[in-house]
Structure formats: C-alpha cells, structure tokens
Amino acid sequence: MAAPVQQPPQSSGGKRKGKAQYVQAKRARRCDGGGPRQLEPGLQGILITCNMNERKCVEEAYSLLNEYGDDMYGPEKFTDKDQQPSGSEGEDDDVEAALKKEVGDIKASTEMKLRRFQSVESGANNVVFIRTLGIEPEKLVHHILQDMYKTKKKKTRVILRMLPISGTCKAFLEDMKKYAETFLEPWFKAPNKGTFQIVYKSRNNSHMNREEVIKELAGIVGSLNSENKVDLTNPQYTVVVEIIKAVCCLSVVTDYMLFRKYNLQEVVKSAKDPSQLNPKQPAQAGNGKEAKLESGDKSNQNDPAEGKNNQQVVPENNEELGQTKPRSETQVASEGGANPELESQVTEGSEPNENDLS
C-alpha cells in the first residue's frame, strides 16, 4: 500500500490556495473525444440559448444539427479509436524530423476521435455551446433557419436562439480589437462593403463596457471601408458579439431581422400585417387627438409622430391629455440611425420579446 503523501503546513490562506489548484486541474480536463471541455478562445461553434432545460437543449441541438449537417456535408464518417495513423517506415536519423513526425501523429490521432458536433461547457446558465469541426457554422445555421422560415415547421421545444460563432478570443478590449481587425475583413474590407449593425450581449462578465465595445468595433468596420454604413432597420450584415466570462464570441450573420434575430421559436410563426394587428388602434388615436383639439391644443393636429404615441399610450382620463407623452423607442431609433451607439439601446429593449430567459 502506497504511503500517504505528506503535505506541508498551510497558513491561514491555505484553503483558498488549495481550492484554486483544484479549479485549475478541473479546467485542464479534456473530454473523451480529445477536444476541449469548456468554451475557450480559438473555438468555432454554435451558441444556443434554451428555456431552463439544458440537457434537453443539447439533445435537440444534436438532432437538428446532425439532420441538416448530413444534408449539407454528407453523413459523418466514424473512425475506430484504436486505429492509429501509419507513419513512414525506416529509421530516421534526424531527431528534429522524428519529433515533428511524432507530434503530427498525435494530432492526427486526436482529430480522428473528434466528432462533428460536441457540446462543451459554456460558462453561463441556459446557454449551450456546440463546438463544430469541419463545417462553417454561419452557413449551417442560416440553412436551418431558412428552411424553418419557409416551411413554418417547428422542430424544437426548448431551444430559443441559435447563433453561429465563427471565432473566439479573450474578452478584453485590446484583444478584441486586434482579433476583429482581421476577423471582419472578409465582409467589410474594400472592395467588400455593406450596411451593418452590432448586437452585444454579456453574461457573467463585469469588466467590459457595452458602449465602448460597440464604438470600437464600429470604428474598425468604418476603417476597413468608408462606404460601410450603419442600418438598424434592415442591415445587410449583423455583427454578433457574445461575451461569456473571459471569452468573446464573434460572428457576422445575414438576414438577422428576417429570421427574427435567429430565434427558432419566432421564425416559424406566420408574419402578420401591421395594419391588421389591432383595428381599434386608429380609432383610439383619433379619439385622443380629437380630445386634444377640444382642450384647445391644435399645434399637433397634423403631427404623425403624435398619432403613433397615442396608439401606444392611451390616457385613462381627460386630465392626462394635456401632459407631454414620452417618445417611443421606434422614434429614438429612427432619429439616430446613423449613430452606431444607438444600436445597443434598440436591441436591448427588444430582448425580452424573444423569450430569451438567459
């Protein structure tokens, strides 16, 4: 029986030090497939938000991704784990070449064990990250949403949003700026150009500033091509920034507004005509405006913006009719469409309507 290992006496802060060592050991663990166990810089994949049931979310994600992945890239080919790649025969006198060969064999054997889709710990509640290998996440997710948008067939119950992640880096401003300068080139560097918006979301992170990140990224896009313009209504490209703890996930997606912000629950719903949402709203707006005229205030009679406010805020009694009504969020977005910093305010206000509980 092995003798117990003697530990040196610990000071009053010894418990914290020991706990930190266990945490580092846990982070160093790898999953059975040979890949990373948790979200870290350098990964590509798909970030999925769910409705309080992460285990069911992972099952639905595997089913959905394998279905459309096989459709786009063909069936996944499995290799025996015990099979090792064959190397060149004969002895090699060069030590450096032999070392390179051994490293190459280790990498090849590891890649043979990796699956096309592998769930890793995201670091946030109600968020699942699926690491991908050998596919383009943005094309796969766009294909899934496009098919669901056309067929209106609901295929998931707990999955809410599905965002492709094309690149990850450390969640520090300087690291993000350095990484984004190269990452954004395929979409925005001259001669490429387009309208864009920036969507920002941070989880379990308190050292990043939302406005500062959006301002820096918008500046990088503008420096790549001066013809890139901000459009918060129907942009050609949407730069998705998802920060979880100390990892920043980036992607550039298309049809973000058409596919309901990549929400799988909303994209299968039938589009409604805004003029048929509530036939009583015009009558309410007319009554409110008529009441104002009777009270003697005729300055806003032909103001269409005032009519919009009356549709959203209906006064309960005649005493409130004379008060100034707050501007709606739509007015703020339309008045400041050229300012990149206003994008965060618009998207933040619309988050609760996506059933995203995370």
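Structure: see above.
All figures in this text were calculated on a predicted structure; none of them were measured in a lab.

### Comments concerning the overall build of the protein chain
The number of helices and strands found in the protein chain is 11 helices and nine strands. Relative to all contacts within the protein chain whose residues are 6 or more apart in sequence, the contacts with residues 24 or more apart total 75%. Summed over all atoms, the accessible surface of the protein chain reaches about 22100 Å², with 47% contributed by carbon and sulfur.

### Focus on the nonpolar core
One recurring pattern in soluble globular proteins is that nonpolar side chains are buried together. Counting 31 residues, the largest nonpolar core has I48, L65, L140, I144, M162 and Y262 as its most contacted members. Counting residues per element, the ones that place at least two in this core are β1 (45–50), α2 (54–73), β3 (127–132), α4 (137–151) and β4 (159–165). Among the elements that line this core, the one with the most residues is α2, at six residues. In this structure, I144 is in contact with L64, L65, Y68 and M162, ignoring residues within four places of it in sequence.

### Points about unusual backbone geometry
The linkage connecting A190 with the following residue, P191, adopts the cis geometry, with an omega of 10 degrees. Position of P191 relative to the elements: it lies in the loop between α6 (185–188) and β6 (195–203). A positive phi angle, near 55 degrees, is found at K245, a position not held by glycine. With respect to the secondary-structure elements, K245 resides in the loop between β8 (237–244) and β9 (247–253). Positive phi, normally seen in glycine, also occurs at D255, with a value near 55 degrees. Tracing the backbone shows D255 in the loop between β9 and α8 (280–294).

### Some details on the sheet that holds β8
One open sheet accounts for five strands, arranged β5-β9-β8-β6-β7; its pairing is mixed. Both outer strands of the open sheet, β5 (167–170) and β7 (229–230), are each paired with one neighbouring strand and no more. Note: β8 against β9, seven bridges, orientation antiparallel. From the neighbouring strand, I243 faces β9, where its bridge partner is C248. Contacts from helix α7 (residues 210–224) reach β6 and β8 within the one sheet, and its direction differs from that of β6 by about 150 degrees.

Reading the values: the criteria
Residues numbered from 1 in each chain as written. Predicted model: local features only at pLDDT ≥ 70, side-chain atom pairs only at ≥ 80, totals over all residues. Heavy atoms only, no water. Helix = DSSP H or I, 4+ residues; strand = E, 2+ residues; numbered from the N terminus. Contact = heavy atoms within 4.5 Å. Areas by Shrake-Rupley, 256 points an atom, 1.4 Å probe, with all protein chains shown as cover. Core = buried A, V, L, I, M, F, W, Y, C linked by side-chain atoms within 4.5 Å. Buried < 20%, exposed > 50% of the residue type's maximum accessible area, 1.4 Å probe, protein only. Pairing = 2+ DSSP bridges. Axes fitted to C-alpha atoms, helices over the stretch in contact; angles between N-to-C directions.

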